[in-house]
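Commentary on secondary and tertiary structure
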Amino acid sequence: MSNENLTWYEKLSHAVEGKAFKFTVFTTIAILVGGLVELPPFFMVGAVERIPTVTPYAALELAGRDVYQQEGCFYCHTQVIRPFKWETDRWDRNREYGPEPYSKAGEFVYEHPFLWGSKRTGPDLAHEASLNSNPAWHKQHLMNPRETSPDSIMPAYPWLFETKLDPAKVQASMRALKSIGVPYTDADIQNAAQATQGKTEGDALIAYLLKLGRDTIVK
Ligand code: HEC
């Protein structure tokens, strides 16, 4: 194909791509400039703004968080409310979260890893403590979602209420989180054994669900 049949931008791209060395140098400069524009402002923002009422998970709640991950609840549920009116109206229907009822970075300082999720097959759970704080309802729902929500497609998890927690595992989780900055004391870790002894995975999962959004209720 002769060069005359090419459009101006095809000619330009051939001219640029034909000069491999220059092309590499100029793209590297472009990426460096882009990096300078993006990264220093990010570091200047500094640390995440803390929310004083946000506390680490108690032992049983933390065990429930591990069950939540083990069962893959995050495949269907998110835990992050975006700053759009249709979201805040839906997830703060009791008007308990003040003038800015969406999720803030400070709510997630003890989350390792984050469980924001990305798929909303089921409803968002970030404010579950406010939306439904009845442990008996949650037990019935987890045993068989069709009993509380007739057309639910959520799977049933009856075995969670037969499987006992291993307190040593919960303590190991707490020690691991402590090593990366979650402020558990040695006494917290010691008392975790008693707090989880004889409890089931289901009990722990419900304790966890009732912690979601509880710390930031302002009313
Ligand atoms: C296949 C997708 C799916 C999975 C996996 C799933 N859910 Fe659900 N979940 C749903 C759907 C859909 C609903 C809405 C209907 C209902 O209430 O059952 C729901 C509802 C809920 C609700 C009620 C929320 C509210 O405020 O009405 C809770 C709590 C919940 N799920 C917790 C869990 C937990 C905990 C797990 C993991 C053990 C889990 N879900 C796994 C799809 C799922």
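Conventions we followed
Throughout this description, residue numbers start from 1 for each chain and increase along the sequence as written. Local features in this predicted model are restricted to residues whose pLDDT is 70 or higher, and side-chain atom pairs enter the listing and the counts only when it is 80 or higher, whereas totals over whole chains, interfaces and linings include all residues. Note: side-chain values were computed over all heavy atoms of the structure, leaving out hydrogens and water. Runs of E in the DSSP output that reach at least two residues are strands. Runs of H or I that reach at least four are helices, and both are numbered from the N terminus. In this setup the radius of gyration rests on C-alpha atoms only. A globule is expected at 2.2 Å times the number of residues raised to 0.38. When a residue's accessible area, from a 1.4 Å probe over protein chains only, is under 20% of the maximum for its type it is buried; when over 50% it is exposed; and in between it is partly exposed. Should any heavy atoms of two residues lie within 4.5 Å, those residues are counted as being in contact. Residue burial considers only the protein chains on display, and all accessible areas are found by Shrake-Rupley using a 1.4 Å probe. Here a salt bridge means any side-chain nitrogen of Lys or Arg lying within 4 Å of a carboxyl oxygen belonging to Asp or Glu. Only heavy atoms are used to decide nearness, and a residue is near a molecule or strand if one of them lies within 4 Å of it. For the purposes of these results, a polar contact is taken to be a pair of N or O atoms within 3.5 Å, where, inside protein, one atom must be able to donate a hydrogen and its partner to accept one; residues adjacent in sequence count only when each atom of the pair is a side-chain atom. Each residue is assigned to one of three groups, with Ala, Val, Leu, Ile, Met, Phe, Trp, Tyr, Cys and Pro labelled nonpolar, Asp, Glu, Lys and Arg labelled charged, and all others, Gly among them, labelled polar. Distances up to 2.8 Å from the metal define which N, O and S atoms are donors, and 3.2 Å serves for Na, K and Ca; water is absent from the atom set, so sites may look incomplete. Think of it this way: with four donors and all angles in the 85 to 135 degree range, the site is tetrahedral; with four or six donors, opposite ones beyond 155 degrees and the rest between 65 and 115, it is square planar or octahedral; otherwise it is irregular. Helix axes use the C-alpha atoms of the stretch in contact, all axes being lines fitted to C-alpha atoms, and the angles between their N-to-C directions lie in the range 0 to 180 degrees. Each angle receives one of four descriptions, namely roughly parallel if under 35 degrees, roughly antiparallel if over 145, roughly perpendicular if within 65 to 115, and oblique otherwise. For each domain, the first and last residues come from an automatic or database assignment. Residues enter patches when their relative accessible area tops 30% and they take part in no salt bridge; the joining distance is 9 Å for like charges and 5 Å for the nonpolar side chains Val, Leu, Ile, Met, Phe, Trp and Tyr.

**As for the overall build of the protein**
Counting its regular elements, the protein contains 10 helices and 0 strands. Listing every helix and strand of the protein by position from the N terminus yields α-α-α-α-α-α-α-α-α-α. Relative to the globule expectation of 17 Å for 219 residues, the C-alpha radius of gyration of the protein, 25 Å, shows a markedly less compact shape. Each principal axis of the C-alpha atoms in the protein carries an extent, and together these give about 80 × 45 × 35 Å. Put simply, the protein has 219 residues, and 36% of those count as buried. For the protein, the share of sequence-separated contacts (at least 6 apart) that also reach a separation of at least 24 residues comes to 74%. Working note: accessible area of the protein is about 13800 Å², and carbon and sulfur atoms make up 61% of it.

**With respect to the pattern of salt bridges**
Inspection of the entire model under this criterion finds 9 salt bridges. R95 is the partner of D89 in a salt bridge, and the nearest nitrogen-oxygen pair spans 3.2 Å. Taking relative accessible area as the criterion, D89 reaches 30% and is therefore assigned partly exposed. If you follow the salt bridges from partner to partner, you end up with R82, E87, R120 and D124 in one network.

**Points about the site of the ligand**
The immediate surroundings of the ligand are formed by 21 residues, with C73, C76, H77, S152 and M154 found nearest. A distance of 2.8 Å is found between a nitrogen atom of the ligand and a side-chain nitrogen or oxygen belonging to H77. Between the ligand and the protein, one listed contact pairs an oxygen atom with a side-chain N or O atom of H141 at 2.7 Å. Here the residues of the shell around the ligand sort into 12 nonpolar, 7 polar and 2 charged.

**Describing the coordination of the iron atom of the ligand**
Note on the iron atom of the ligand: its protein donors are H77 (NE2) and M154 (SD). The metal-donor distances range over 2.0 to 2.1 Å. Considering all 6 donor atoms around the iron atom of the ligand, angles at the metal cover 88 to 178° and the coordination shape is octahedral. Here the residue H77 occupies a position in the loop between α3 (59-70) and α4 (85-91), and M154 occupies one in the loop between α7 (145-148) and α8 (167-179), the gap between them amounting to 77 residues.

**A look at the packing of α3 against α8**
Here α3 crosses α8 at 90°, and the two axes come no closer than 10 Å. The angle between α3 and α8 places the two elements in the roughly perpendicular class. Contacts between α3 and α8 pair A59, L62, A63 and D66 from the former with V170, S173, M174 and L177 from the latter. For the contact of α3 with α8, a count of residues per class yields 6 nonpolar, 1 polar and 1 charged.

**Observations concerning the domain arrangement of the protein**
Under the domain assignment, the protein is made up of domain 1 (3-45) and domain 2 (59-216). One C-alpha centre belongs to domain 1, the other to domain 2, and the line joining them spans 46 Å.

**Let's talk about a nonpolar patch on the surface**
A contiguous nonpolar patch, built from F21, V25, F26, I29, V33 and V37 and spanning about 630 Å² of accessible area, is present on the exposed surface. Structurally, I29 can be placed in helix α2 (residues 20-45). Judged by its relative accessible area of 44%, I29 is partly exposed.

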